[in-house]
Amino acid sequence: MILLSHATGNENVRQTALAFWEAGLLQEFWTCINWDPESAIARLLPRRIRAQLQRRSFPPTLRPITRVVPLREMARLLAGRLSPSQFSGHETGLLSIDAVLRELDRRVAARLRRGAGCEMVYAYEDGALETFRAAKERDLRRVYDLPIGYWRAAEAMYSEEREREPEWAATLTGFNDSEAKLARKEEEMELAEHIVVASSFTKRTLAAAPSDRAITVARYGSPPVVTDDLPVRTGRLRVLFAGSLGQRKGLSYLLTAVASLGRKVELTLSGRKVVDDCAPLEQAVRTHHWIPSLSRDDLLRVMQQHDVLVLPSLFEGFGLVILEAMSQGVVVVTTANTAGPDVIEDGLEGFIVPIRSPAAIAEKLDLLASNPELTHEMRLAARCKAGRCNWEDYRATLVRMATEMIVETKKIVHATAL
């Protein structure tokens, strides 16, 4: 039986919880908020707040085994809605996401020390340290989910990028992590017995890690197609960027590429600004159509209105927007530092371009803008490929991994008893 914890929850966490629950392996799921969209209070809240809380909703089947630690996270969300708060400072603020993660981690560790009766814990980067310490004390199996590449590999990439694009350096927020936080990451990985990643790129970054733990690659899945309608479009090529607006996503290189193409393309930026003090980013959101925030369903609808998604990331864990866009019949241009090579055949459903190459991005966009028939064929291929990338395979991979670890434990215990 497994105890799973994650502070905020997202689609892959929901799928992980469902995977273990469906297999009869999930004993407890710990999170901060488990919102019930059918509750009486839900109908009284403004639409925007309801949409945000909807992201913290988990399947009703999980409610009996879900444990919540809500107060600090609710306060953090409220503070963020009202105004920037002095309590939300990076890492040290009482209402920072780091404080939320540490509190949940401590509560889960306390639960384990009281005797949770589980055989395995499954936790995520930055929220696993105390959980793993307590689990090791009780000889429980420990699985570490790493949603983005190894931090030392990221630090090397960001250091190079600060030199290349100094005007964008403020958006590389990974440089803000303290030595204490980085030490936590290292100890989490050291305590882990098995590491789960979502892409071959993330796995490659672990070559720089001192840990030699076994690694499972569990590829994320695609959402269902919203509509079968996929008309041939005319006019300017409609290009979408979806994700946090910062240089980790290679945003400056996309902006340079789009500028070089003039009126051949029109660009939409969907996502929150990483910082408010980056001059070229402020210029970008004034120049192009900017949508600061969207629910997942609304984002899928926006994707349907575009021809191409460009995600020129320098450092990514997976890039779920790749599959989301493909599922809606959108061609994807991305880099090898995402899950792109895992789900895209270059030139068929999209294009894999080098990192830091506005010229390569512009070349592919120009090709698509000049060939509407090719664009339509690739959109059809993208939607077809996304249909074969399903969450069922993701869940099956996790269940297989967990079952093998639990069976291995039972064999060891049996052999010891003999």
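As shown above, the structure is provided for reference.
Residues numbered from 1 in each chain as written. Predicted model: local features only at pLDDT ≥ 70, side-chain atom pairs only at ≥ 80, totals over all residues. Heavy atoms only, no water.

Draft legend 1. Spotlight on the overall build of the protein chain. The number of helices and strands found in the protein chain is 16 helices and 13 strands. At 22 Å, the protein chain has a C-alpha radius of gyration in line with the 22 Å of a compact globule built from 418 residues. The principal-axis extent of the C-alpha atoms belonging to the protein chain is close to 70 × 50 × 45 Å. Sorting the 418 residues of the protein chain into buried and exposed places 55% on the buried side. The long-range fraction of contacts in the protein chain, counting pairs at least 24 apart against all pairs at least 6 apart in sequence, stands at 68%. Total accessible area on the protein chain stands at roughly 18500 Å², and carbon and sulfur atoms take up 53% of it. Measuring between centres, the 55 positive side-chain charges of the protein chain sit 4 Å from its 54 negative side-chain charges. (Helix = DSSP H or I, 4+ residues; strand = E, 2+ residues; numbered from the N terminus. Rg over C-alpha atoms; globule rule 2.2 N^0.38 Å. Buried < 20%, exposed > 50% of the residue type's maximum accessible area, 1.4 Å probe, protein only. Contact = heavy atoms within 4.5 Å. Areas by Shrake-Rupley, 256 points an atom, 1.4 Å probe, with all protein chains shown as cover. Lys, Arg positive; Asp, Glu negative; His and termini not counted. Charge placed at Lys NZ, Arg CZ, Asp CG, Glu CD.)

Draft legend 2. Focus on the nonpolar core. Counting residues in hydrophobic clusters, the biggest one holds 91 residues, and the most contacted among them are F20, Y122, L251, M326 and L365. Broken down by element, this core gets its largest block of residues, 8 residues, from helix α16 (residues 391-417). Excluding its chain neighbours within four sequence positions, the residues that come into contact with Y122 are I2, L3, L4, S5, T16, F20, V143, D145, V196, L398 and M401. (Core = buried A, V, L, I, M, F, W, Y, C linked by side-chain atoms within 4.5 Å.)

Draft legend 3. Region of interest: helix α14 (residues 358-370). In this model, α14 (13 residues) spans 18 Å end to end at C-alpha, consistent with the 18 Å of a helix rising 1.5 Å per residue. Within the sequence span of α14, burial applies to A360, I361, A362, K364, L365 and L368. In the core, the buried residues of α14 are packed alongside β8 (237-242), α9 (251-261), β11 (308-311), β12 (331-335), β13 (350-353) and α15 (372-387). (Expected span 1.5 Å × (residues − 1).)

Draft legend 4. The arrangement of the sheet that holds β13 in detail. Pairing in this open sheet of 6 strands is parallel, and the strands run β10-β9-β8-β11-β12-β13 from one edge to the other. Both edges of this open sheet fall to β10 (289-291) and β13, since each of them pairs with a single strand only. Direction aside, the axes of adjacent strands within the sheet are offset by 20 degrees on average. Packing against the sheet, helix α12 (residues 320-327) makes contact with β8, β11 and β12, and its axis sits at approximately 175 degrees to β11. (Pairing = 2+ DSSP bridges. Axes fitted to C-alpha atoms, helices over the stretch in contact; angles between N-to-C directions.)

Draft legend 5. Structural detail: the sheet that holds strand β4 (residues 120-124). Taken together, the 7 strands give an open sheet; going across it, the order is β3-β2-β1-β4-β5-β6-β7, and neighbouring strands pair in parallel fashion. Strands at the two margins of the open sheet, each flanked by one partner only, are β3 (66-68) and β7 (214-217). The mean angle between the axes of side-by-side strands here comes to 20 degrees, regardless of whether they run parallel or antiparallel. Sheet topology places strand β2 (residues 26-31) next to β3; 3 bridges connect them, and they run parallel. Bridge pairing in β3 places F29 opposite T66. Of the strands in this sheet, β1 (2-5), β2 and β4 are in contact with helix α4 (residues 97-115), which crosses β2 at around 150 degrees. In the packing of helix α5 (residues 129-137) onto the sheet, the strands contacted are β4 and β5 (141-145), and the crossing angle to β5 comes to about 160 degrees.

Draft legend 6. Fine view of the packing of α14 against α15. Relative to each other, α14 and α15 sit at 105 degrees, their axes nearing to 5 Å. It follows that α14 is roughly perpendicular to α15 by the angle criterion. Here α14 contributes L367, L368, A369 and S370 to the contact with α15, which in turn contributes P372, L374, T375 and M378. Here the residues of the contact of α14 with α15 are counted per class, giving 6 nonpolar, 2 polar and no charged. (Parallel < 35°, antiparallel > 145°, perpendicular 65-115°, else oblique. Nonpolar A, V, L, I, M, F, W, Y, C, P; charged D, E, K, R; others polar.)

By themselves, these observations are geometric and do not establish any function.
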